[in-house]
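# Commentary on secondary and tertiary structure
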Amino acid sequence: MAAALALSRVGWQARVYERANAFAEVGAGVQLGPNVTRVLHAWGLADALEQVAALPQSLHARSAHSGEVLATLPLGAAMHRRYGAPYVTIHRADLHALLHDAALAHGAQVHADRVVVGLQTQGHEVLAQVRHAEQTQSAQAEVAVVADGVWSALRQQLLADGTVQPTGHLAYRALLRQADLPAHLRSQDVTVWMGPHAHVVHYPVRGGEWLNLVVLTEGQMPGVTSDDLQSWNAQQTPEQTEQDLQVALRGACFRLQEIISAAASWRAWPLCGRTPMQGAHQHAQGRVALVGDAAHPMLPYLAQGAGMAIEDAAALAKHLGYETDAPIALQAFAAQRWQRNAQVQARAMRNGQVFHAQGGMRWGRDLALRMAGPWLMDQPWLYGYLGE
Ligand SMILES: Cc1cc2nc3c(=O)[nH]c(=O)nc-3n(C[C@H](O)[C@H](O)[C@H](O)COP(=O)(O)OP(=O)(O)OC[C@H]3O[C@@H](n4cnc5c(N)ncnc54)[C@H](O)[C@@H]3O)c2cc1C
């Protein structure tokens, strides 16, 4: 949707084909760093973003066991001043609606309940086979942007480089209405609770009215089917989820246990991924570009997967906006983006090791955070990116 908006803004007639027949509220919250909100602001979405997002004032790193606040990174005005754009937290459906409405306003067409089952390049055109209501029709375009997510079937056709693999990490997420929580559990900040082999993140969404809660652990979910894997919601029984969470958060402090117990229901899913991108060829082939998770799925430990999809969109528009030869524009796009995305994928993986550290590494991490937390938690290379 970001790509459709970005390209419509520079004069392309964008058509989006989406497999889902409605845009459901999946995925709960996302954090967007200033590298991402800078792009959204440039697209004229600052006011609309402010109306639905929350603006947390701080990011706290805490010990899951002792509850100690190991370090705090100021967000809010400090972050805005430093990077020229805010750090926000937003419900995924709100972000999607923003992009969707803006794309439509710029003339993009959005077709739901359409599955793209194939892509072929013929001369100066790409032909997409689009299935709808048992029928398959061809759609022609000058360029195709493949954005079909971590399970991208179209990537298989284009690159034939294997399917995504389970990472051995699991995510459990819940949404809590802040008004239903006792006052001491309500929060308008981002908090990361780090424990051995697991961590918990929570932050406000929907203008601060809800708390988005995610528990990330290591392990497998036996009995999960590949449909579950693709649905963002493995069909675990509530009892099984409760048991998994108890095991993962054994020894967690009372405060964290209280927050976890306040969640009425959880959605669970195993995280799948790929090794970081290895070259520009994984971002573009001729007239076809791959963006977002289809090109570079990543663990959510840097909170940048959707952010990178939005940065990809801005880069696509930059190159397709002035270069009239589409394959040349896409090559330039791929050359600009692949190393940035590879770096973010790799850092997300490394963050997982740091968040889940145990023994000596955990001790060293905590000490480093106590002594130099704000400096270690700030990420100028990430948040200061200007898209060159
Ligand atoms: C626990 C967790 C927390 C996260 N937190 C953050 C965060 O804080 N910040 C952040 O930036 N990112 C975060 N992410 C990552 C973010 O959710 C993803 O990177 C992002 O959704 C990728 O967007 P996408 O458009 O590439 O893919 P998707 O969001 O997966 O969208 C792909 C779309 O393509 C459609 N589709 C699939 N196949 C077809 C087809 N053949 N034809 C037509 N349509 C098709 C699907 O229905 C879907 O709508 C998190 C992820 C997880 C798991």
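The rules behind these values
- Residues numbered from 1 in each chain as written.
- Predicted model: local features only at pLDDT ≥ 70, side-chain atom pairs only at ≥ 80, totals over all residues.
- Heavy atoms only, no water.
- Helix = DSSP H or I, 4+ residues; strand = E, 2+ residues; numbered from the N terminus.
- Contact = heavy atoms within 4.5 Å.
- Pairing = 2+ DSSP bridges.
- Axes fitted to C-alpha atoms, helices over the stretch in contact; angles between N-to-C directions.
- Near = heavy atom within 4 Å.
- Polar contact = N/O pair within 3.5 Å; in protein donor to acceptor, adjacent residues only side chain to side chain.
- Areas by Shrake-Rupley, 256 points an atom, 1.4 Å probe, with all protein chains shown as cover.
- Nonpolar A, V, L, I, M, F, W, Y, C, P; charged D, E, K, R; others polar.
- Core = buried A, V, L, I, M, F, W, Y, C linked by side-chain atoms within 4.5 Å.
- Buried < 20%, exposed > 50% of the residue type's maximum accessible area, 1.4 Å probe, protein only.
- Parallel < 35°, antiparallel > 145°, perpendicular 65-115°, else oblique.
- Left-handed = near helix turned anticlockwise from the far one by under 90°.
- Expected span 1.5 Å × (residues − 1).
- Bend = angle between axes of the 7 residues up to and from the residue.
- Salt bridge = Lys/Arg side-chain N within 4 Å of Asp/Glu carboxyl O.

## Some points on the environment of Leu 127
Mapped onto the fold, Leu 127 is located in strand S8 (residues 125–132). In the structure, Leu 127 is positioned 70 residues away from His 197 in sequence and 46 Å away in space, judged by C-alpha atoms. Aside from chain neighbours lying at most four places away, what touches Leu 127 is Gly 118, Leu 119, Gln 120, Gln 122, Ala 139 and Gln 140.

## Regarding the sheet that holds strand S4 (residues 69–74)
Strand order in the open sheet formed by seven strands is S4-S3-S12-S13-S14-S11-S15, and the pairing between neighbours is mixed. Edge strands, defined here as strands with exactly one partner in the open sheet, are S4 and strand S15 (267–273). Strand-to-strand, the axes of this sheet are offset by a mean angle of 20 degrees, without reference to chain direction. Here strand S13 (residues 198–205) runs beside strand S14 (residues 210–218); their pairing, made up of eight bridges, is antiparallel.

## A word on the site of the ligand
For the ligand, the set of nearby residues contains 24 residues, the closest of which are Glu 18, Gln 31, Arg 92, Asp 293 and Ala 306. Between the ligand and Ala 303 there is a distance of 3.1 Å, counted from a nitrogen atom to a backbone nitrogen or oxygen. Here an oxygen atom of the ligand and a backbone polar atom of Ala 306 are 2.9 Å apart. Starting from 1,000 Å² of accessible surface for the ligand in isolation, the protein chains cover 83%. Of all elements in the fold, only strand S2 (29–32), strand S7 (115–122), S15 and helix H10 (305–322) reach the threshold of two or more residues within the shell around the ligand. The dominant element in the shell around the ligand, judged by the number of residues it contributes, is H10, at three residues. Residues that form the shell around the ligand fall into these classes: twelve nonpolar, six polar and six charged.

## Let's talk about the nonpolar core
Of all hydrophobic cores here, the largest spans 40 residues; its most connected members are Leu 40, Trp 43 and Leu 316. Those elements that provide at least two residues to this core are helix H1 (2–9), S2, helix H2 (34–42), strand S5 (88–91), helix H5 (92–105), H10 and helix H11 (326–355). Apart from the residues within four sequence positions on either side, Trp 43 is in contact with Ala 2, Leu 5, Ala 6, Arg 9, Leu 99, Ile 310, Ala 313 and Ala 314. Ranked by size, the runner-up nonpolar core spans 32 residues in total, among them Ala 61, Met 79, Tyr 83 and Trp 269.

## Looking at the packing of H2 against H10
Geometrically, a packed helix pair is captured by the angle between its two axes and the distance between the axes. Where H2 meets H10, the closest approach of the two axes is 9 Å, and the angle between their N-to-C directions is 45 degrees. Classified by the interaxial angle, the pair formed by H2 and H10 is oblique. Handedness of the H2/H10 crossing: left-handed. Contact with H2, carried on its side by Asn 35, Val 36, Val 39 and Leu 40, involves Gly 307, Met 308, Ile 310, Glu 311 and Ala 314 of H10 and no other residues of that element.

## Observations concerning the sheet that holds S7
What the three strands build is an open sheet, ordered S7-S8-S9; its pairing is antiparallel. This sheet does not close on itself; its edge strands, each paired only once, are S7 and strand S9 (135–141). Neighbouring strand axes in the sheet, compared pairwise and without regard to direction, differ in orientation by 25 degrees on average.

## As for helix H12 (residues 359–377)
With 19 residues, H12 extends only 21 Å from end C-alpha to end C-alpha; this falls clearly short of the ideal 27 Å at 1.5 Å per step. Within H12, the axis deviates most sharply at Met 371, by approximately 85 degrees, and proline Pro 374 lies no more than four positions further along. Within H12, the full set of buried residues consists of Arg 365, Asp 366, Leu 369, Gly 373 and Met 377.

## Some words on the pattern of salt bridges
Oppositely charged side chains can pair when the atoms bearing their charge come close. Considering all chains together, one arrives at nine salt bridges under this definition. Of the charged contacts, one joins Arg 370 and Glu 68 as a salt bridge, the two residues approaching to 2.7 Å between their closest N and O atoms. With a gap of 302 residues between them, Arg 370 in helix H12 and Glu 68 in the loop between strand S3 (58–63) and S4 connect regions that are remote in the sequence. Relative accessible area serves as the criterion here: at 44%, Arg 370 is assigned to the partly exposed category. Residues Asp 161 and Arg 155 are paired through a salt bridge, measuring 2.7 Å at the closest nitrogen-oxygen approach.

## Some words on the pairing of S9
Pairing of S8 with S9, which is carried by seven bridges, proceeds in the antiparallel orientation. The residue of S9 that forms the bridge with Val 130 is Gln 137. The turn linking S8 back onto S9 is made up of two residues, and Ala 133 within it adopts a positive phi angle of 45 degrees.

## Some points on the pairing of S7
Sheet faces and side chains relate simply in a regular strand, where the side chains alternate between the two faces. Here seven bridges tie S7 to S8, and the two strands are oriented antiparallel to one another. Bridge pairing links Gln 120 to Leu 127 in S8. Between S7 and the antiparallel strand that follows it, S8, lie two residues; Gly 123 among them carries a positive phi value of about 60 degrees.

## A look at the environment of Cys 272
In this fold, Cys 272 is placed in strand S15. Along the chain, Cys 272 and His 169 lie 103 residues apart, while their C-alpha atoms are 7.9 Å from each other.

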